[in-house]
Amino acid sequence: MNVEKIRRDFPILSQTIRGKKLVFLDSAASAQKPRVVIDAMREAMETQYANVHRGLHWMSERTTDAYEAARDAVAALMNAPDRDEIVFVRNSTEAINLVAHSFGRGMLKPGQAVLISGMEHHSNIVPWQMLRDAHGTELRVAPITDSGELDMAAFEALLSDGRVGLVAITHMSNVLGTVTPAERIVSLAHAHGAKVLFDGSQAIVHRAIDVRAIGCDFYAWTGHKLYGPTGIGVLWARRELLEAMPPFLGGGEMISSVTYEKSTWARVPYKFEAGTPAILEGIGLKAAIDYVRAIGYDEMAAHEASLTEHALARLSRIEGLRILGQAQDRGGVVAFALDKAHAHDVATLLDRQGIAVRAGHHCAEPLMHRFGLDSTARASFGIYTTHEEIDALAASLTRVREFFT
Amino acid sequence: MNVEKIRRDFPILSQTIRGKKLVFLDSAASAQKPRVVIDAMREAMETQYANVHRGLHWMSERTTDAYEAARDAVAALMNAPDRDEIVFVRNSTEAINLVAHSFGRGMLKPGQAVLISGMEHHSNIVPWQMLRDAHGTELRVAPITDSGELDMAAFEALLSDGRVGLVAITHMSNVLGTVTPAERIVSLAHAHGAKVLFDGSQAIVHRAIDVRAIGCDFYAWTGHKLYGPTGIGVLWARRELLEAMPPFLGGGEMISSVTYEKSTWARVPYKFEAGTPAILEGIGLKAAIDYVRAIGYDEMAAHEASLTEHALARLSRIEGLRILGQAQDRGGVVAFALDKAHAHDVATLLDRQGIAVRAGHHCAEPLMHRFGLDSTARASFGIYTTHEEIDALAASLTRVREFFT
Amino acid sequence: MTFDDDVRDLYQEVILDHGRKPRHGHRLAAYDVTAKGDNPMCGDRVEVFVKLDADGKIAETGFEARGCAISVASADLMAETVRGRGKADTRALFETFREMVRTGKCPEHDAGLDESLERLEPFAGVHEYPSRVKCATLPWHALVAALDGTREASSE
Amino acid sequence: MTFDDDVRDLYQEVILDHGRKPRHGHRLAAYDVTAKGDNPMCGDRVEVFVKLDADGKIAETGFEARGCAISVASADLMAETVRGRGKADTRALFETFREMVRTGKCPEHDAGLDESLERLEPFAGVHEYPSRVKCATLPWHALVAALDGTREASSE
Ligand SMILES: Cc1ncc(COP(=O)(O)O)c(C=O)c1O
Ligand SMILES: Cc1ncc(COP(=O)(O)O)c(C=O)c1O
């Protein structure tokens, strides 16, 4: 993979920040956008924009085609059996909330349980708490080990009473980098009668996702982390589930017919897409998908594995620096704490060198507390990240620690 | 107002469609985007993009500023008392669903009623049906007159038993063009103890909206109709209501703290904005707002009034053409039916002349049925629409009718 | 180009004519199977009535339709072209027709369909308007539903 | 520019020093009012303890904090600069300080605050980092809450 060539595809990477070359190590929060994405959105607005579906005029037909082509691209990306199983939402968070409402309230019974893990993002915790409080389901949490992996024995034990109706679990932790054993999770869950939702927000950026091979029931992710625009996310779900689930939001586009007494719903997936969708964002997302597929997941994964290995090696040599998580199978995010400096101060000092990292609880408070911390700094990598950037981070961190000692 | 100058701000308007000059008369479905909007989004992606809030690094701070500046711009646009009363959502539809969930399920009691009107868009019907079916509220419909205005006597009568907890009503019909008497509606509703939500999806494009002067409790609209991008909409609500309402979607950004037992919510409005928001879309929306405010609502309203008057005069001279709605106070949309031709055929034939109109039920089936129709064609106007374009429409419609006779 | 030139390639005379004056646009006095088709998105509605002969082949088709010129003309030409066909044969014609209105091109097909497809060819122009493809196919959905013994079809 | 040049304008010596070795970073043996401040977004937490004199003026302030250098240094310099101030006076200093860390400029203010503001001036650089303004203001929120008799404050 030619990283220098890829970097030229991202206009922002030539920016200087405070007079320094930008070193962007915050891709797990949101990735930068290649020119093809920027151009796709611009071109749509300049040449064919109109609202989609039922337009009957040229621009509406063209825009509908372009928007629906995004659905095909997503289906192909995830190896979904059926394009109609792709529901467009705003982000992963909305995808998970959709499942919590339509499947949770609609198909789980009070007394059944939802099983999450100890390394979830708030977006895969809070919707299940809200479901618990509104609907009377139980919320169970499968613990993680000190190395930051799912405790499989405990996980299985929590399934054993057969009351778990849904396992909702991250496919890759945004803090620990841990990739969870998806197939194994599915086979255990299914054996105990539970459906499985993966929060793939991070995983889709680092791995080729094949929902058929994984065998899960729901898979959620978010466009802006996969080099696409904000405002669009994806829920994939098995058709029979989508058919059976009541709708979530009501309004235009999601109906088949409306009278005051009773409305009937549009066919899947439109039943779940109320109102004018994120049209331009769908078009941008398709460009992003085409872009990453042209590079290829094998290439991307190899690049990120090499970056991650390099980062772990470099950072672990820094005195007083503690890395969170040592999973065997891990993706390109590294969260760490310095003994002498608070994560906020670390992030600010790095910023003054032009190095962008994130600091805080990374929307994973319970996970932070599991490791006895309130916040960490986190460096995360994208296809445009270089080994030199990681060297720059390591060098700066050494200075930061000296500065605070 | 210099329409020719304005037209040059919209790159798409110089397109040709099927070798004809584009005549875009479908702005009520979604408006075209001026260059400033396109550029604002492009520039954000090229120079400073990052995720918002808690970024701590330069780009995240800049992007947070830009995104939050959109909130200020919206608050100023609507004369909202407090910027924290602006909640960003995907579109009007989500805004109304948010109210149906958080206010409807959260604060209305089963047995209370929601009062809508006979000229609502599906997005302001279906959420209240779903609330009725899930929560046991009643759904009442205030009839409209033959001229397409709200029947105020009937409206008041439907309030009189004091059981209506919420009036949810359009501020401007997307089919009839009718602008409803907002202040009068509010004073009647409040006198009977009901809160008021306006669906301002169309009104905000044609009128300066002053939520303080109107005195309502909720106001919903959608960015893509106000020359902004797709993927972003606005709910304004009184602070005390937002404070009292439980959250809608759960996840990142909307929390204050999270433990498995209990989470607490971020302050208003963030409590209602779960997950990574539509950042680029907020930035685009701000550019759109700045653009229309620079032109000025007085100018826009005068231009549209003149276009509408011209259209009504020209179309009513066409034999066999029936215009829906003759409200005194009306905005720039004109729906019509031809005796000899189905609306779909009309739209397709116009398209072949490069004229884009919409045909169908316009997401307002019950309203169509009220007038004994299944579908109509609809021409709708924006700031870039010219009198000549309306002449072209009228001339073509005459030919269409001949063609089918 | 004149107005007529612009529109005639899509609304060919045969479509206009059958749209205006359908030959089979009536409920049959006696019929064996029937079904309704509904396109709630645009309010198109069609009801077909089919009389079968002793071999189970289509003897006659009538319909009542409310909709655009394309859906009415399509129903009328359908009634004409399915006469004498059995169930499988009708379905094969429908599939080929549907492919044609979707793509604008006639796909490979059985020689036995040749003549009928030629008759239906004026609908090929509809492919330019993906959202109107369902106008052309709705009556066919209803017909197939009737033959299958289903009472309702939707061409959403 | 060296690393130090880049960071010293924000983390001036006084901030580093008070962040590392706060003079008032302890619970008072005896105090009249107290409150907690919480910034759940970043996990910063501070608890302030205030001893008042006979006139109701601040005699002494102590605190226990967990947080970044900026919040700890801010708490410490706050403790130093509010000594001898009454409630209104403390609030006025806080408002001026807050404006300064938000904008980087010291707003018009009462002459009586001059000396204290000079002491607090090193925090002006924080305005470059809007998301860290709350680090600097959290202890002040807690102090004002304590004086108001509220037990908890949040600087979200
Ligand atoms: C009156 C009215 N309400 C609601 C909507 C729904 O807007 P959106 O599709 O952006 O949610 C529209 C536009 O489609 C409208 O015209
Ligand atoms: C693992 C994980 N889940 C969920 C999310 C939420 O994504 P979004 O904010 O786009 O909804 C994120 C990213 O913030 C994440 O990393």
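Residues numbered from 1 in each chain as written. Chains lettered and ligands numbered in written order. Predicted model: local features only at pLDDT ≥ 70, side-chain atom pairs only at ≥ 80, totals over all residues. Heavy atoms only, no water.

### Observations regarding the interface of chain C and chain B
The accessible area lost on association of the parts is a frequent measure of interface size.
Part 1: Contact residues are listed per partner, giving 25 residues for chain C and 20 residues for chain B.
Part 2: Two residues, Glu128 of chain C and Arg18 of chain B, come together in a salt bridge whose shortest N-O distance is 2.5 Å.
Part 3: In this assembly, chain C and chain B are joined by 13 residue pairs in polar contact (both at pLDDT 80 or more).
Part 4: Contributions of two or more residues to the side of chain C that touches chain B are made by helix H1 (3–8), helix H2 (13–20) and helix H3 (69–82) of chain C.
Part 5: Sorting elements by how many residues they give to the side of chain C that touches chain B places H1 of chain C first, with 5 residues.
Part 6: Of the residues assigned to the side of chain C that touches chain B, the class counts are 14 nonpolar, 2 polar and 9 charged. (Contact = heavy atoms within 4.5 Å. Salt bridge = Lys/Arg side-chain N within 4 Å of Asp/Glu carboxyl O. Polar contact = N/O pair within 3.5 Å; in protein donor to acceptor, adjacent residues only side chain to side chain. Helix = DSSP H or I, 4+ residues; strand = E, 2+ residues; numbered from the N terminus. Nonpolar A, V, L, I, M, F, W, Y, C, P; charged D, E, K, R; others polar.)

### Section: the site of ligand 2
Part 1: The environment of ligand 2 is made up of 16 residues, and the closest members are Thr93, Asp199, Thr222 and Lys225 of chain A together with Thr276 of chain B.
Part 2: Neighbouring residues of ligand 2 are not confined to a single chain but are spread across chains A and B.
Part 3: Lys225 of chain A has a polar side-chain atom sitting 2.7 Å from an oxygen atom of ligand 2.
Part 4: For ligand 2, an oxygen atom lies 2.6 Å from a polar atom in the side chain of Thr276 of chain B.
Part 5: In isolation ligand 2 exposes 390 Å². Once the protein is present, 95% of that is buried.
Part 6: Taken together, the residues that form the shell around ligand 2 break down as 1 nonpolar, 13 polar and 2 charged. (Near = heavy atom within 4 Å. Areas by Shrake-Rupley, 256 points an atom, 1.4 Å probe, with all protein chains shown as cover.)

### What about the sheet that holds strand S5 (residues 113–117) of chain B?
All names here are of chain B.
Part 1: Pairing is mixed across the open sheet formed by 7 strands, whose spatial order is S4-S10-S9-S8-S7-S5-S6. Of all the strands in the sheet, the pair left with one neighbour each is strand S4 (86–89) and strand S6 (138–142). Neighbour-to-neighbour, the strand axes of this sheet turn through a mean angle of 20°, independent of strand direction.
Part 2: In this sheet, strand S9 (residues 218–222) lies alongside strand S8 (residues 195–199) in parallel orientation, the contact comprising 3 bridges. Following the sheet pairing, Asp199 is matched in S9 by Ala220.
Part 3: Across the sheet, helix H7 (residues 182–191) is in contact with strand S7 (164–170) and S8; its angle to S8 comes to roughly 155°. (Pairing = 2+ DSSP bridges. Axes fitted to C-alpha atoms, helices over the stretch in contact; angles between N-to-C directions.)

### Some words on helix H12 (residues 297–316) of chain B
Residue and element names in this part refer to chain B.
Part 1: The terminal C-alpha atoms of H12, which comprises 20 residues, lie 28 Å apart, in line with the 28 Å expected from a rise of 1.5 Å per residue.
Part 2: Buried within H12 we find Tyr297, Met300, His303, Glu304, Leu307, Thr308, Ala311 and Leu315. Projection of H12 onto a plane perpendicular to its axis shows the buried side chains occupying an angular sector of 135°, all on one side. The exposed residues of H12 that point more than 90 degrees off its buried face are Asp298 and Glu309. (Expected span 1.5 Å × (residues − 1). Buried < 20%, exposed > 50% of the residue type's maximum accessible area, 1.4 Å probe, protein only. Arc of directions from axis to C-beta.)

### Remarks on the site of ligand 1
Part 1: In the region of ligand 1, 16 residues are neighbours, and Thr276 of chain A together with Thr93, Asp199, Thr222 and Lys225 of chain B sit closest.
Part 2: Neighbouring residues of ligand 1 are not confined to one chain but are distributed across chains A and B.
Part 3: Here an oxygen atom of ligand 1 and a side-chain polar atom of Lys225 of chain B are 2.7 Å apart.
Part 4: Residue classes in the shell around ligand 1 are distributed as 1 nonpolar, 13 polar and 2 charged.

### Brief notes about the confidence of the model for chain C
Part 1: Averaged over all residues, the pLDDT of chain C equals 92, while 98% of them reach at least 70.
Part 2: The ipTM value of the predicted complex is 0.95, and its pTM value is 0.96. (pLDDT = per-residue confidence, 0-100.)

### Let's talk about a negative patch on the surface
Residue and element names in this part refer to chain C.
Part 1: Taken together, the side chains of Asp110, Asp114, Glu115, Glu118 and Glu121 make up a negatively charged region of the molecular surface.
Part 2: Relative to the elements of secondary structure, Glu115 occurs in helix H5 (residues 114–120).
Part 3: You can call Glu115 exposed: its relative accessible area is 71%. (Patch = residues over 30% accessible without salt bridge, like charges linked within 9 Å, V, L, I, M, F, W, Y side chains within 5 Å. Lys, Arg positive; Asp, Glu negative; His and termini not counted. Charge placed at Lys NZ, Arg CZ, Asp CG, Glu CD.)

### So, the side chain of His342 of chain B
Part 1: Along the chain, His342 of chain B turns up in the loop between strand S14 (333–338) and helix H13 (343–351).
Part 2: Classification of His342 of chain B as buried rests on a relative accessible area of 19%.
Part 3: Side-chain polar atoms of His342 of chain B contact the backbone nitrogen of His344 of chain B, separated by 3.0 Å.
Part 4: The contact partners of His342 of chain B, leaving out residues within four places of it in the chain, are Ser375 of chain B together with Asp44, Gly67 and Cys68 of chain C.

### Concerning the packing of aromatic side chains
A ring pair, where both rings are aromatic, is described by two values, the distance of the centres and the angle of the planes.
Part 1: Going through the model one piece at a time under the given rule, you end up with 31 aromatic pairs over all chains.
Part 2: Ring centres of Phe10 of chain A and Tyr384 of chain A lie 4.8 Å apart, and the angle between their planes is 75°; this geometry places the pair in the edge-to-face category. Of this pair, Phe10 of chain A sits in the loop between helix H1 (3–8) and strand S1 (16–17) while Tyr384 of chain A is found in the loop between strand S17 (376–380) and helix H15 (387–404), placing the two residues 374 residues apart along the sequence. Neither residue differs from the other here; Phe10 of chain A and Tyr384 of chain A are each classed as buried.
Part 3: For the ring pair Tyr31 of chain D and Phe49 of chain D, a centre distance of 5.0 Å and an interplane angle of 55° mean the geometry is tilted. Highlighted residues: Tyr31 of chain D in the loop between helix H2 (13–20) and strand S1 (33–39) and Phe49 of chain D in strand S2 (residues 44–52), separated in sequence by 18 residues.
Part 4: Look at Tyr31 of chain D and you get partly exposed, because its relative accessible area is 34%.
Part 5: A network of ring pairs unites the aromatic residues Phe10, Tyr227, Tyr291 and Tyr384 of chain A as a single cluster.
Part 6: Between the NZ or CZ atom of Arg370 of chain A and the centre of the ring of Phe371 of chain A, over which it lies, the distance is 5.1 Å. (Phe/Tyr/Trp six-rings, centres within 6.5 Å; stacked < 30°, edge-to-face > 60°. Lys NZ or Arg CZ within 6 Å of the ring centre and 35° of its normal.)

### Some thoughts on the domain arrangement of chain A
Residue and element names in this part refer to chain A.
Part 1: Considered domain by domain, chain A is made up of domain 1 (3–26 + 296–404) and domain 2 (48–293).
Part 2: Across the boundary between the two partners, domain 1 contributes 34 residues, which contact 32 residues of domain 2.
Part 3: Note on domain 1 versus domain 2: buried area summed over both sides is about 2,700 Å², and carbon and sulfur give 55% of it.
Part 4: Our count for the contact surface shared by domain 1 and domain 2 stands at 2 salt bridges.
Part 5: Among the salt bridges present, the one from Arg370 reaches Asp146, with a minimum N-O distance of 2.8 Å.
Part 6: Summed over the shared surface of domain 1 and domain 2, the result is 20 residue pairs in polar contact (both at pLDDT 80 or more).
Part 7: Elements with a contribution of two residues or more to the side of domain 1 that touches domain 2: helix H12 (297–316), strand S14 (333–338) and helix H14 (365–370). (Domains from an automatic or database assignment. Buried area = accessible area lost by both parts, 1.4 Å probe.)

### A closer look at the packing of H2 of chain C against H3 of chain C
Residue and element names in this part refer to chain C.
Part 1: At a closest axis distance of 7 Å, the pairing of H2 and H3 adopts a crossing angle of 90°. Classified by the angle their axes make, H2 and H3 are roughly perpendicular. Counting all contacts with H2, which are made through Val14, Ile15, His18 and Gly19, the residues of H3 involved are Ala69, Ile70, Val72, Ala73, Asp76, Leu77 and Glu80.
Part 2: Considering only residue class, the contact of H2 with H3 consists of 7 nonpolar, 2 polar and 2 charged. (Parallel < 35°, antiparallel > 145°, perpendicular 65-115°, else oblique.)

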